[in-house]
Amino acid sequence: MARRASRIRSQKIDTRSEDEQQASRQKLFTYGAPWGVIVGGCLAAETAHVLLSTTPASLALAALGLAGTGAGLSRLLWHMDTKAKRDKETRIRHQVNAIATTAGLTLGTVAGVDTGATMGTWLLAGSGLSIANNLWSAFNKKAGGEKSDGKWAKLEAEIGLAKHELKEAKSNGKGTVIVDVEATDGATAEELARRIPSLTSALKLGRGRITQTVDDDDDSKITMRVQVADLLKEGTTWPGPSAFGAGFGALPIAIGRYEDGETLKLNLPGVLTDPQEVEGGGNVEHCIAQGTNGAGKTVGNALICTEAATRSEVSIIIINCSKFMQDYGHVRHAADMVITNEKDARRFFKQLHTVIKERGDYLASKGLAKWEAGCGLNFLLIIGEEAADFADGDEYAKVLRTLRSTGGWFLSSIQRATHDQINTTARSNHPAGMAYGLADGSEAQYILPPEAIEAGAYPGWANRKPGYLYAAGMGIDQERWAVVARTYGADRPTLAAAVTAGMNVRTPMDPTTANAFGALWTNRTFYTTPLLKGGEDGTGAFPQQAAASPAPARPDSENDDNEYVDSEDEEDEDMDIEVDPDLLAKETEELDDALRRILAEDPEPGAYDHLDAEQEIEAPADEAPVFQLPGLVPDEDRMSPEDTTAAIFARLDQWLREGKDSFEPKELNDLWMRVDKKGARDWWNRLKKQLLDDGVIAKDESEDGYGSYDLIRSPLENGDGE
């Protein structure tokens, strides 16, 4: 027993794990193998020399065999390194070792290593080569350890299946690893993109954490971005206005941070004069902000409003037909115009055509092809919240095509940008997109460019991560379209205070645009104070005092009399027709016979027994009401077509000045029926069509506005009827 216990105590127990033991054996082999080759090669060379030196022919054949074997070994190593996709430095190292070993063995076999000179040469050359190998192994592991070990070894193996070579992997110190990948043997970036889900699973990461971009000049060079840690969980507090008091076209606005710590900047006007302007500027790109309820769209939109409200040369218009006060009450005083009902929203888009035309004419007069800072016009920043309320109208789609060049940017905020929620033509006119959380991340394809989707953008976190988003377009570099960002966090009083301070630097709406909006601008709703918890009750809208009405040209009333325009709004009126006396007498006799039969069948005497078709009815009393069907007016009340047109124009102009913004055609019956011209209804239909073509009126397309017309602008040029 004593001897057994002694043997147990003498045994050394290795407490290391199997992986640690394997790593230790691998380290011993890596650093000891070069020295083993030196010692073993010396013995092998000297033994061969002793055995073959007595026969010169055998010694020569052995030397040739060793040289041929070394050449074959070098070729085999190169082929193996290529198949294993090893880097260039490793391939060179293997070739140097193979050639040096072959040369040493060949020379040692021929000359022997039994003299001081040959032994010294062997040891010096072999020791130098061994030390070089040890140093290379040590420094290469430190430089490329992430690439060679652990998860990166798995990643490289997965990429190798698609003929993609992992060149370098480096961390930015902020939870992001950037991997350079080279496609070889005809492999493509699309093949790698299809492998991203399996790579994500192999690295035990969340979906969307691996994205890729392709070099514009070389399709084989791919940059893969792996986010191994979410640094956005804690959020970033809004640092305040990014450029208080600066011109809106001078610097981009900042609304959040990317997951790698970079700032999310938007170049909305597309014209930046600052030397540090962001890449991709030069165009205004309308944007759709899509996300589920609670994903953070409205918070991001409020940040955009606040940033714009602290700049000059910009005017903000907010359309929110659902819950304006709840969404934007704290920054409501940032808006120069607020629209809170569907009817006004549709009328706004109709009126915007006139605004775009007037702004375009102004820019043309200045020799400008598009809006520029300092041109005299404010940039129009329009936010349409809950865009599904108005995004199905044709006018909405038309505006998006023409607004851009005249200095206007439109943000359509919507929960799902599907065809049943937004006009598909209008959707295609939004080149930019901000994809917040979605119940189905694949729906991001409705608003993000294909490049972002192919790179791996997938916002499938619904409302579990408020404020997280992918942003594309608006001056953002394409390589960042698939990088997750998060909007700044800011409480409502902070944003309200910033907007209040910005009222001292903002530029009032320019006269050209204000006059083009006409009555819509004159009677607009705007606010001078925020709505905060425990503060105001939501009232306090301040309409502007009456301003000069815009003056479009009046329609031409001298159209072809034979032209007829059908209208769904025609009223049933008596027409000027000739009556056949014989036919009238016949119908009177038939009516008399029918009346007599009815009276004869009445079983009880009534108050009308004494009446017959020939008896005259007593005239009504003087004070009795008189019912008249509309018909021809007396000759003395008739007017010429010119005077009738002037009277209709005057009434439309008066309605606009009084704040009336819509009407039904029957409200003008008393005027157009007085025209001294055959076919009054045809004449009125032609005039109405002319008013529609000139943009003076527009059909009310709302559900409850059938048969009505919106008053867009006054038909009088100078208010004098001409």
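One structure accompanies this document, and this report is about it.

Calculation rules
- Residues numbered from 1 in each chain as written.
- Predicted model: local features only at pLDDT ≥ 70, side-chain atom pairs only at ≥ 80, totals over all residues.
- Heavy atoms only, no water.
- Pairing = 2+ DSSP bridges.
- Helix = DSSP H or I, 4+ residues; strand = E, 2+ residues; numbered from the N terminus.
- Contact = heavy atoms within 4.5 Å.
- Axes fitted to C-alpha atoms, helices over the stretch in contact; angles between N-to-C directions.
- 1 Å grid on protein atoms, 1.4 Å probe; cavity = no way out; pocket = protein on both sides within 12 Å on 5 of 7 lines; lining within 4 Å.
- Points joined across faces, edges and corners; volume = space filled by probe spheres on them.
- Phe/Tyr/Trp six-rings, centres within 6.5 Å; stacked < 30°, edge-to-face > 60°.
- Buried < 20%, exposed > 50% of the residue type's maximum accessible area, 1.4 Å probe, protein only.
- Patch = residues over 30% accessible without salt bridge, like charges linked within 9 Å, V, L, I, M, F, W, Y side chains within 5 Å.
- Areas by Shrake-Rupley, 256 points an atom, 1.4 Å probe, with all protein chains shown as cover.
- Salt bridge = Lys/Arg side-chain N within 4 Å of Asp/Glu carboxyl O.
- Expected span 1.5 Å × (residues − 1).
- Core = buried A, V, L, I, M, F, W, Y, C linked by side-chain atoms within 4.5 Å.
- Lys, Arg positive; Asp, Glu negative; His and termini not counted.
- Charge placed at Lys NZ, Arg CZ, Asp CG, Glu CD.
- Parallel < 35°, antiparallel > 145°, perpendicular 65-115°, else oblique.
- Left-handed = near helix turned anticlockwise from the far one by under 90°.
- Nonpolar A, V, L, I, M, F, W, Y, C, P; charged D, E, K, R; others polar.

**Remarks on the sheet that holds strand β16 (residues 697-699)**
Here is step 1: The three strands lie next to each other as β15-β17-β16, forming an open sheet whose pairing is antiparallel. A single partner strand is all that each edge strand has here, and the edge strands are β15 (662-663) and β16.
Here is step 2: Bridge count between β15 and strand β17 (residues 709-711): two bridges; the pairing is antiparallel. Paired with Ser662 across the strands is Asp710, a residue of β17.
Here is step 3: Against the sheet, helix α20 (residues 680-693) touches β16 and β17, its axis set at about 95° to β16.

**Some details on the layout of surface pockets**
Here is step 1: Its boundaries defined by the atoms lining it, the second largest pocket holds a volume of some 640 Å³.
Here is step 2: Forming the walls of the second largest pocket are 28 residues, and the residues nearest its centre are Thr213, Val214, Asp216, Gln478 and Glu479.
Here is step 3: Those elements giving two or more residues to the lining of the second largest pocket turn out to be α7 (189-202), β3 (210-214), β4 (221-227) and α13 (450-454).

**Points about the environment of Thr184**
Here is step 1: Mapped onto the fold, Thr184 is located in the loop between β2 (176-183) and α7.
Here is step 2: Between the C-alpha atom of Thr184 and that of His164, which follows or precedes it by 20 residues, the distance is 6.0 Å.

**Re the packing of aromatic side chains**
Here is step 1: Considering all chains together, one arrives at 16 aromatic pairs under this definition.
Here is step 2: Ring geometry for Phe348 and Phe517: centres 5.8 Å apart, planes at 20°, overall stacked. Separated by 169 residues along the polypeptide, Phe348 in helix α10 (residues 342-365) and Phe517 in helix α15 (residues 511-517) bring together distant segments of the chain. Accessibility classification places Phe348 together with Phe517 in one group, the buried group.
Here is step 3: Pairing Phe390 with Tyr396 gives two aromatic rings, centres 5.7 Å apart and planes at 70°, and the pair type is edge-to-face.
Here is step 4: Among the residues examined, Phe390 registers a relative accessible area of 1% and is labelled buried.

**Some details on the side chain of Glu307**
Here is step 1: Summarising the element assignment, Glu307 is placed in helix α8 (residues 297-309).
Here is step 2: With a relative accessible area of 0%, Glu307 lands in the buried category.
Here is step 3: Discounting residues that sit within four places of it in the chain, Glu307 has contacts with Trp238, Gly240, Pro241, Ser242, Ile253 and Ala254.

**Thoughts on a nonpolar patch on the surface**
Here is step 1: Nonpolar side chains collect at one region of the surface, where Trp35, Ile131 and Leu135 lie side by side and expose about 280 Å² of accessible area between them.
Here is step 2: Positionally, Trp35 belongs in helix α2 (residues 18-52).

**Remarks on α8**
Here is step 1: With 13 residues, α8 extends 18 Å from end C-alpha to end C-alpha; this agrees with the ideal 18 Å at 1.5 Å per step.
Here is step 2: The element α8 is largely enclosed, with a buried count of 11 among its 13 residues.
Here is step 3: Considered for burial, the residues of α8 that qualify are Lys297, Gly300, Asn301, Ala302, Leu303, Ile304, Cys305, Thr306, Glu307, Ala308 and Ala309.

**As for the pairing of strand β7 (residues 287-290)**
Here is step 1: Of the two faces of β7, the one carrying Cys287 and Ala289 and the one carrying Ile288 and Gln290 are both buried.
Here is step 2: In this sheet, strand β12 (residues 432-435) lies alongside β7 in parallel orientation, the contact comprising four bridges. Residue Cys287 lies in a different strand from β12, and its bridge partner there is Ala432.

**Focus on the pairing of strand β6 (residues 263-266)**
Here is step 1: Going residue by residue along β6, you find Leu264 and Leu266 tucked away on one face and Thr263 and Lys265 left uncovered on the opposite face.
Here is step 2: Sheet topology note: the strand β5 (residues 253-258)/β6 ladder contains four bridges and is antiparallel. Residue pairing across strands places Arg257 opposite Thr263, the latter belonging to β6.

**Overview of the nonpolar core**
Most often, soluble globular proteins have nonpolar side chains that are buried together.
Here is step 1: Core analysis: the biggest nonpolar cluster contains 100 residues, and Leu266, Ile304, Ile319, Phe348, Leu381, Trp409 and Met434 have the highest contact counts within it.
Here is step 2: Top element by residues in this core is α10. It accounts for seven residues.
Here is step 3: Setting aside residues up to four positions removed in sequence, Phe348 forms contacts with Ile317, Ile319, Met337, Ile339, Ile382, Phe517 and Leu520.
Here is step 4: Ranked by size, the runner-up nonpolar core spans 22 residues in total, among them Ile648, Trp683, Trp684 and Leu691.

**Considering empty space enclosed by the protein**
Here is step 1: As enumerated under the stated definition, the model contains four cavities of 30 Å³ or more in all.
Here is step 2: Estimated volume of the largest cavity: approximately 50 Å³.
Here is step 3: Residue lining of the largest cavity: Arg346, Phe349, Lys350, Phe390, Gly393, Asp394, Glu395, Tyr396 and Glu701, and that is the complete set.
Here is step 4: Within the residue set of the lining of the largest cavity, elements represented by two or more residues are α10 and α11 (394-402).

**With respect to a negative patch on the surface**
Here is step 1: A surface patch of like charges, here negative, comprises Glu190, Asp215, Asp216, Asp217, Asp219, Glu451 and Glu454.
Here is step 2: With respect to the helices, strands and loops of the structure, Glu454 is situated in helix α13.

**Comments concerning the environment of Arg681**
Here is step 1: As for its position among the elements, Arg681 is in helix α20.
Here is step 2: A relative accessible area of 11% places Arg681 in the buried class.
Here is step 3: Taking C-alpha positions, Arg681 is 9.6 Å from Asn669, a pair spaced 12 residues apart along the chain.

**Digging into the sheet that holds β5**
Here is step 1: Reading across from one edge, β6-β5-β14-β13-β12-β7-β11-β10-β8-β9 is the order of the 10 strands in this open sheet, with mixed pairing throughout. The open sheet terminates on both sides in strands that have one partner only, identified here as β6 and β9 (337-339). Going across the sheet, the axis of each strand differs from the next one's by a mean of 25°, ignoring polarity.
Here is step 2: Bridge count for β5 against strand β14 (residues 485-487) is three bridges, and the pairing is antiparallel. Its bridge partner being in β14, Tyr258 is matched across the sheet by Ala485.
Here is step 3: Sheet contacts for α10: β8 (314-320), β9, β10 (379-385) and β11 (408-414); angle to β10, the most-contacted strand, approximately 160°.

**What about the pattern of salt bridges?**
Here is step 1: Following the criterion strictly, the structure yields 16 salt bridges and no others.
Here is step 2: Measuring nitrogen to oxygen at the nearest pair gives 2.8 Å for the salt bridge that ties Arg225 to Glu259. Of this pair, Arg225 sits in strand β4 while Glu259 sits in the loop between β5 and β6, placing them 34 residues apart in sequence. A single burial state applies to Arg225 and to Glu259, both of which are buried.
Here is step 3: Note that Lys689 and Asp693 form a salt bridge whose closest N and O atoms lie 3.1 Å from each other. You can see Lys689 and its partner Asp693 sitting in helix α20, four residues apart, about one turn around the helix.
Here is step 4: Each of Arg225, Glu259, Asp260 and Arg480 takes part in salt bridges that share partners, so that together they form one network.

**What about the packing of helix α18 (residues 641-657) against α20?**
Here is step 1: Taken N-terminus to C-terminus, the directions of α18 and α20 make an angle of 45°; their axes are 12 Å apart at the nearest point. Relative to α20, the element α18 lies oblique. With respect to the hand of their crossing, α18 and α20 are arranged in right-handed fashion. Taking contact as the criterion, the partners of Pro641, Thr644, Thr645, Ile648, Phe649 and Leu652 in α18 are, on α20, Trp683, Trp684, Leu687 and Leu691.
Here is step 2: Split into classes, the residues belonging to the contact of α18 with α20 amount to eight nonpolar, two polar and no charged.

**Some words on unusual backbone geometry**
Here is step 1: Although it is not a glycine, Ala462 adopts a positive phi angle of roughly 55°.
Here is step 2: Mapped onto the fold, Ala462 is located in the loop between α13 and β13 (468-472).
Here is step 3: You can call Ala462 buried: its relative accessible area is 13%.

Coordinates in, geometry out; function isn't part of it.
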